[in-house]
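Structural features, examined
Here's the letter readout for the chains.
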Amino acid sequence: MAAPMEMDNNVVEKKNPIFDKSSQHHSSSDARSIIEKAKLCQKDDPYAAKSLLLMAKTLYPTEFCVQFEAYIVEKSGQSTTETAQSLIQLFSRFKEEVRLHEELFILTSSLQKEAEIENKFYRDLFEKIPEPYQKSILLFCCEESKDKHEKCKVQLLLMKKFPAFIREYGLSLVDSLLELDKVSGGRLPRNKFRQLLVTEVLPIILESEDLEFNPKHISKWLYVSIEFYISVAIQPKLQLSTNSDILKSPTNGKAAGGSMSEAGDSSNGDRPTEIISDITSPWERLHTLFLTIAKRSGWNLDCIPSESMAFLESFTSLSSVHQSCQPEDIGTLKSIFYSATILFFRSMYTYFNLINPGIFGGE
């Protein structure tokens, strides 16, 4: 009896890679064909488009390109519910994909711009995502963000959406922004890190009952806040930037004599990281923040002059309280000191504005 013929394993092994590549090519080609048909059907026959997308996503569940293209088609159809479902599937399966990272950062950036109509779809999309995935997406973007300012903004967004995270991220975010402010601002406090800290982060964490603050830290926060708002109020009109200036590329900025240096770049020198131009009523904002800090610190609120009180009346009131104040009444003394400091700078601001109207651009 003849011996059974042996298979040449080497021949089979050489053919397998060719077969696999051919299969992958046909698979990718078929998937693209289905997606293209869905795009063509979307306007005139949306139900056919949905069926084709569902077929593509079902046939190729592990193909990121297919799943992402299906998501893009659904997004172009402005269906927040279906788009949210696709985004959740992408996030669950393909976290390592760069294109998905870019889409998630567009989403988080849109959530920070509540007043802009063009970003409304992304905000509505986020609301359709279940809360556990909302948290996971924001936490993921915090971890993956390479830009320090953007990372801080996403952490702030996380605390706004889910106040329970204030306890975990609040104080560390303040410390991070203070350090970035120190590195980027030089001697000028008017930079994007200080702005984020003073105008958005401090008001949120100071209202939280879950945090306890070191009195020295609170005094530091008030100091940098006073410095920031005064700097904004007295900035010359010529330094105010328009939105088009801010949106220029780094090359254009340098060509115009400006600087777009990142935090830690020594070439930034004494100039601020960016000129602040979108803060109105800095004195009123400072007064509100001062009252919040004084209340949280247990200082005497009754002796703080109201924001609308005349200068002479305010100084007279503070002087009267100070004369009757006892040395051990630290809360009242601090209220008097900081009130008088803010009042002095505001009166000087008003005086120079009266003798040279329009000299300042921050009010």
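Predicted, not measured: the structure shown is a model, and the values here were computed from it. (Residues numbered from 1 in each chain as written. Predicted model: local features only at pLDDT ≥ 70, side-chain atom pairs only at ≥ 80, totals over all residues. Heavy atoms only, no water.)

Core analysis: the largest hydrophobic core is formed by 72 residues, its most contacted members being Val 201, Ile 205 and Trp 221. Looking at this core, the element that brings in the most residues is helix H11 (residues 215-233), giving ten residues. In this structure Trp 221 touches Leu 171, Val 174, Leu 178, Leu 202, Ile 205, Leu 206 and Phe 213, once residues within four positions along its chain are discounted. Of all hydrophobic cores here, the second largest spans ten residues; its members include Ile 35, Leu 53, Ala 56 and Val 73. (Core = buried A, V, L, I, M, F, W, Y, C linked by side-chain atoms within 4.5 Å. Buried < 20%, exposed > 50% of the residue type's maximum accessible area, 1.4 Å probe, protein only. Helix = DSSP H or I, 4+ residues; strand = E, 2+ residues; numbered from the N terminus. Contact = heavy atoms within 4.5 Å.)

The next point concerns the confidence of the model for the protein. Per-residue pLDDT for the protein has a mean of 80; in total, 77% of the residues score no lower than 70. Confidence drops under pLDDT 50 across residues 7-26; counting only partners more than four residues distant or on other chains, this segment forms zero contacts. (pLDDT = per-residue confidence, 0-100.)

With that out of the way, let us pick up the packing of helix H5 (residues 98-111) against helix H7 (residues 131-144). Interaxial distance between H5 and H7 falls to 10 Å at its minimum, and their mutual angle equals 110°. Comparing their axes, H7 and H5 come out roughly perpendicular. Every pair of crossing elements has a handedness; the one defined by H5 and H7 is left-handed. Note on element contacts: H7 touches H5 through Ile 137, Leu 138, Phe 140, Cys 141 and Glu 144, opposite His 101, Leu 104, Phe 105 and Thr 108. Here the residues of the contact of H5 with H7 are counted per class, giving six nonpolar, two polar and one charged. (Axes fitted to C-alpha atoms, helices over the stretch in contact; angles between N-to-C directions. Parallel < 35°, antiparallel > 145°, perpendicular 65-115°, else oblique. Left-handed = near helix turned anticlockwise from the far one by under 90°. Nonpolar A, V, L, I, M, F, W, Y, C, P; charged D, E, K, R; others polar.)

With that out of the way, let us pick up helix H10 (residues 192-206). The terminal C-alpha atoms of H10, which comprises 15 residues, lie 20 Å apart, in line with the 21 Å expected from a rise of 1.5 Å per residue. The element H10 is largely enclosed, with a buried count of 13 among its 15 residues. Backbone nitrogen of Phe 193 and a side-chain oxygen of the N-cap are separated by 3.0 Å at the start of H10; the cap is Asn 191. (Expected span 1.5 Å × (residues − 1). Polar contact = N/O pair within 3.5 Å; in protein donor to acceptor, adjacent residues only side chain to side chain.)

Here the focus is the packing of aromatic side chains. Summed over all chains, the structure comprises 15 aromatic pairs. Centroid distance Phe 68 to Tyr 71: 5.8 Å. Interplanar angle 40°. Geometry classified as tilted. Of this pair, Phe 68 and Tyr 71 both sit in helix H3 (residues 64-76), three residues apart, roughly one helical turn. A relative accessible area of 4% places Phe 68 in the buried class. Ring geometry for Tyr 351 against Phe 352: centres 5.4 Å apart, planes inclined by 70°, an arrangement best described as edge-to-face. Judged by its relative accessible area of 47%, Tyr 351 falls in the partly exposed class. Members of the aromatic cluster, connected to one another through ring pairs, are Phe 64, Phe 68, Tyr 71 and Phe 94. (Phe/Tyr/Trp six-rings, centres within 6.5 Å; stacked < 30°, edge-to-face > 60°.)

On to the packing of H10 against H11. Two numbers describe how H10 lies on H11: the axes approach to 10 Å, and their chain directions differ by 135°. When the interaxial angle is binned, H10 and H11 end up oblique. Note on packing geometry: the crossing formed by H10 with H11 is left-handed. Of the residues in H11, those in contact with Arg 194, Gln 195, Leu 197, Val 198, Thr 199, Leu 202, Ile 205 and Leu 206 of H10 are Trp 221, Val 224, Ser 225, Glu 227, Phe 228 and Tyr 229. Its residues assigned to classes, the contact of H10 with H11 comprises nine nonpolar, three polar and two charged.

Looking now at a nonpolar patch on the surface. On the surface, a nonpolar cluster with roughly 850 Å² of combined accessible area is contributed by Phe 315, Phe 344, Phe 345, Met 348, Tyr 351, Phe 352, Leu 354, Ile 355 and Ile 359. Here Phe 344 is to be found in helix H16 (residues 330-355). (Patch = residues over 30% accessible without salt bridge, like charges linked within 9 Å, V, L, I, M, F, W, Y side chains within 5 Å. Areas by Shrake-Rupley, 256 points an atom, 1.4 Å probe, with all protein chains shown as cover. Salt bridge = Lys/Arg side-chain N within 4 Å of Asp/Glu carboxyl O.)

This brings us to the pattern of salt bridges. In total, this model carries eleven salt bridges according to the counting rule given. Between Glu 69 and Arg 99 there is a salt bridge whose closest N-O contact spans 3.6 Å. With Glu 69 in helix H3 and Arg 99 in helix H5, this pair connects stretches of sequence that are 30 residues apart. For Arg 99, a relative accessible area of 36% translates into the label partly exposed. When the shortest N-O distance is used, the salt bridge between Glu 127 and Lys 161 registers 3.7 Å. In this pair, Glu 127 sits in helix H6 (residues 120-128) while Lys 161 sits in helix H8 (residues 148-161), placing the two residues 34 residues apart along the sequence. Classification of Glu 127 by relative accessible area gives exposed; the value is 52%. One salt-bridge network, held together by shared partners, links Asp 181, Arg 194 and Glu 227.

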